[in-house]
Amino acid sequence: MGLTNTTSTYGFISKFFHWIMALMLITAWIMGLFHDDVGSLKRTFVIAHYTLGISVFLLVGFRLGWRLLNPTPAHVLKNKMLNIISNTTFAFFYSLMFLVPASGYVMMNFRGKNPVFFGYEIPALFQNNQSLKELATDTHELLTTLLLVLVILHVAAALFHHFIRKDPTLKRMLLSK
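Residues numbered from 1 in each chain as written. Predicted model: local features only at pLDDT ≥ 70, side-chain atom pairs only at ≥ 80, totals over all residues. Heavy atoms only, no water.

Caption draft 1: Expanded view of the overall build of the protein chain. Looking only at helices and strands, the protein chain features four helices and two strands. Reading the secondary structure of the protein chain in the N-to-C direction produces α-α-α-β-β-α. Principal-axis analysis of the C-alpha atoms gives the protein chain an extent of 50 × 30 × 30 Å. Burial statistics for the protein chain: of 177 residues in total, 32% are counted as buried. The long-range share in the protein chain, meaning contacts at least 24 apart out of those at least 6 apart in sequence, stands at 67%. Summed over its atoms, the accessible surface of the protein chain is roughly 11100 Å², and 71% of this surface lies on carbon and sulfur atoms. In the protein chain, the 15 positive side-chain charges and the 7 negative ones have mean positions that sit 19 Å from each other. (Helix = DSSP H or I, 4+ residues; strand = E, 2+ residues; numbered from the N terminus. Buried < 20%, exposed > 50% of the residue type's maximum accessible area, 1.4 Å probe, protein only. Contact = heavy atoms within 4.5 Å. Areas by Shrake-Rupley, 256 points an atom, 1.4 Å probe, with all protein chains shown as cover. Lys, Arg positive; Asp, Glu negative; His and termini not counted. Charge placed at Lys NZ, Arg CZ, Asp CG, Glu CD.)

This is the structure we're talking about:
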């Protein structure tokens, strides 16, 4: 497996971005969901959640740049509707991978707190604003839910391609050959 994509396969770097971001997103979601239920580990969970969110925000920029600089392998299927759904899904994924961390950052600003990234406080761009705090929290939670639904649909689609259609869509993204 080469480092870069070809017109028929994903390279190691694209696959690495895919799987590391999947792991980071799922871990951040779990930590965000359960940070109130872990007792003395709450601060650790919260800081890890912030760090993962900011990391996702930064890495998605690199991932998008990599995607733009490399050929995108051709769709396995020549089904126009499924290809439109696939392309639209990727647009939503990239948008949400930017918007979820950005909305979390704004939410923390409106709560009067600065997120921590690997132990360093990130300066606030917005003032503590109690009237916008709830809207920002609701927005972050809604965007997170949309991203989670998209992840579930993505996994279901990959399994559909692998087990029902029996095409190589899933195998093209596995780290092994």
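Caption draft 2: Representation of the packing of helix α1 (residues 12–34) against helix α2 (residues 42–69) within the structure. Put simply, α1 and α2 touch, their axes get as near as 9 Å, and they point 155° apart. Relative to α2, the element α1 is oriented roughly antiparallel. Both α1 and α2 take part in a crossing whose hand is left-handed. Listed contacts from α2 to I13, S14, F17, H18, M21, M24, L25, T27, A28, M31 and G32 of α1 are F45, A48, H49, L52, S55, V56, L59, V60, F62, R63 and W66. Along the lines of polarity and charge, the residues of the contact of α1 with α2 split into 15 nonpolar, six polar and one charged. (Axes fitted to C-alpha atoms, helices over the stretch in contact; angles between N-to-C directions. Parallel < 35°, antiparallel > 145°, perpendicular 65-115°, else oblique. Left-handed = near helix turned anticlockwise from the far one by under 90°. Nonpolar A, V, L, I, M, F, W, Y, C, P; charged D, E, K, R; others polar.)

Caption draft 3: Inspection of α2 at higher detail. Between its first and last C-alpha, α2 extends 40 Å over 28 residues, near the 40 Å set by a 1.5 Å rise per residue. Check the buried side of α2 and you find it contacts α1, α3 (80–110) and β1 (116–117). (Expected span 1.5 Å × (residues − 1).)

Caption draft 4: Spotlight on the pattern of salt bridges. All chains considered together, the criterion is met by one salt bridge. Between D36 and K42 there is a salt bridge, and its shortest N-O distance comes to 2.8 Å. Here D36 falls in the exposed class, since its relative accessible area comes to 53%. Among the residues examined, K42 registers a relative accessible area of 36% and is labelled partly exposed. (Salt bridge = Lys/Arg side-chain N within 4 Å of Asp/Glu carboxyl O.)

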